[in-house]
Amino acid sequence: MFLLAQLQLIIIGDSGVGKTSFMDRFVDSSQADFRQSFNPTVGIDFKVKNILVDDKRVKLQIWDTAGQEKFNSITTAYYRSARGAIIMYDVTRPQTFKSIEKWYQLMSDHGRGDVEVALVGNKCDLNSDKKVDSKQGENTATELGCHFYESSAKDNLNIENVFMGLVRNILVNM
Ligand code: GDP
Ligand code: MG
């Protein structure tokens, strides 16, 4: 089987929403244990994963960014090469949902015109602490013209769907 495409994706969103956990789950799903401790990402980091999408082999390079403001000048330099972006918030922290506008704006200012975006509300396992309705997420995704998902890096929920959905959308528009 030949390698069809090499795609770069980027994950953005406030600090602590679960970006690194989400990427780690996807890249190394054999990793049985979920890291509870929080080590904020410094600047930017990436991982590579080869996937099979509808018989097509795709090499994904996934950029995991730091959510803190002070790293924005480093991370925005990587937006340009990303064909797909995951904008993530934490369903238990409304402030991280409010920040979506800011992240979307940064992406629009620094990213490609044809970037495919997925909006992801993470930590949906914390159902009793949920403070951002699914409906709010859906509405925002509709406004931004992107797909919406709720996920749990902890329970390994919807992670594969987010990446596969994003890659499929990129491939059909290539
Ligand atoms: P990042 O700053 O966006 O990269 O966030 P991290 O991936 O470092 O996660 C921040 C904290 O949230 C860590 O303590 C993780 O264990 C926790 N976390 C990440 N994803 C989930 C999830 O889906 N559910 C729960 N309950 N905790 C999560
Ligand atoms: Mg991180």
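Residues numbered from 1 in each chain as written. Chains lettered and ligands numbered in written order. Predicted model: local features only at pLDDT ≥ 70, side-chain atom pairs only at ≥ 80, totals over all residues. Heavy atoms only, no water.

A. The pairing of strand β2 (residues 44-53), seen in detail. Direction of pairing for β2 relative to strand β3 (residues 56-65): antiparallel, over a ladder of 10 bridges. Opposite Val48, over in β3, you have Gln61 as the bridge partner. (Pairing = 2+ DSSP bridges. Helix = DSSP H or I, 4+ residues; strand = E, 2+ residues; numbered from the N terminus.)

B. Representation of the site of ligand 1 within the structure. Residues in close proximity to ligand 1 total 20 residues, the closest being Gly16, Ser21, Arg35, Gln36 and Asp125. Measuring from an oxygen atom of ligand 1, one finds a side-chain N or O atom of Ser152 at 3.5 Å. Within the complex, the protein chains bury 92% of what would otherwise be the 570 Å² of accessible surface of ligand 1. According to the grid-proximity analysis, the pocket containing ligand 1 is the largest pocket. A total of three residues in the shell around ligand 1 trace back to one element, the largest contributor, which is helix α1 (residues 19-27). Partitioning the shell around ligand 1 into residue classes produces five nonpolar, nine polar and six charged. (Near = heavy atom within 4 Å. Polar contact = N/O pair within 3.5 Å; in protein donor to acceptor, adjacent residues only side chain to side chain. Areas by Shrake-Rupley, 256 points an atom, 1.4 Å probe, with all protein chains shown as cover. 1 Å grid on protein atoms, 1.4 Å probe; cavity = no way out; pocket = protein on both sides within 12 Å on 5 of 7 lines; lining within 4 Å. Sits in = over half its atoms within 2 Å of the grid points. Nonpolar A, V, L, I, M, F, W, Y, C, P; charged D, E, K, R; others polar.)

C. Structural detail: the pairing of strand β4 (residues 84-90). Counting buried residues in β4 gives seven out of seven residues, a clear majority hidden from the surface. As defined by bridge partners, β4 adjoins strand β5 (residues 116-122) across seven bridges and the pair is classed as parallel. Within β5, the residue paired with Tyr89 across the bridge is Gly121. (Buried < 20%, exposed > 50% of the residue type's maximum accessible area, 1.4 Å probe, protein only.)

D. Summary view of the packing of aromatic side chains. Evaluated as defined, the whole model comprises five aromatic pairs. Each ring, one from Phe26 and one from Phe163, has its centre 3.9 Å from the other, and the planes form 15 degrees; the classification is stacked. Of the two residues, Phe26 is situated in helix α1 and Phe163 in helix α6 (residues 159-172); the sequence distance between them amounts to 137 residues. Accessibility assignment for this pair places Phe26 and Phe163 in one class, buried. Between Trp63 and Tyr78, the ring centres sit 4.6 Å apart and the planes meet at 40 degrees, which makes this aromatic pair tilted. (Phe/Tyr/Trp six-rings, centres within 6.5 Å; stacked < 30°, edge-to-face > 60°.)

E. Spotlight on unusual backbone geometry. Look at Lys123: it is not a glycine, yet its phi comes out positive at around 75 degrees. The phi dihedral of Asn158 falls on the positive side, at around 70 degrees, and the residue is not glycine. Its location among the elements puts Asn158 in the loop between β6 (147-150) and α6. Residue Asn158 is classed as partly exposed on the basis of its relative accessible area, which comes to 26%.

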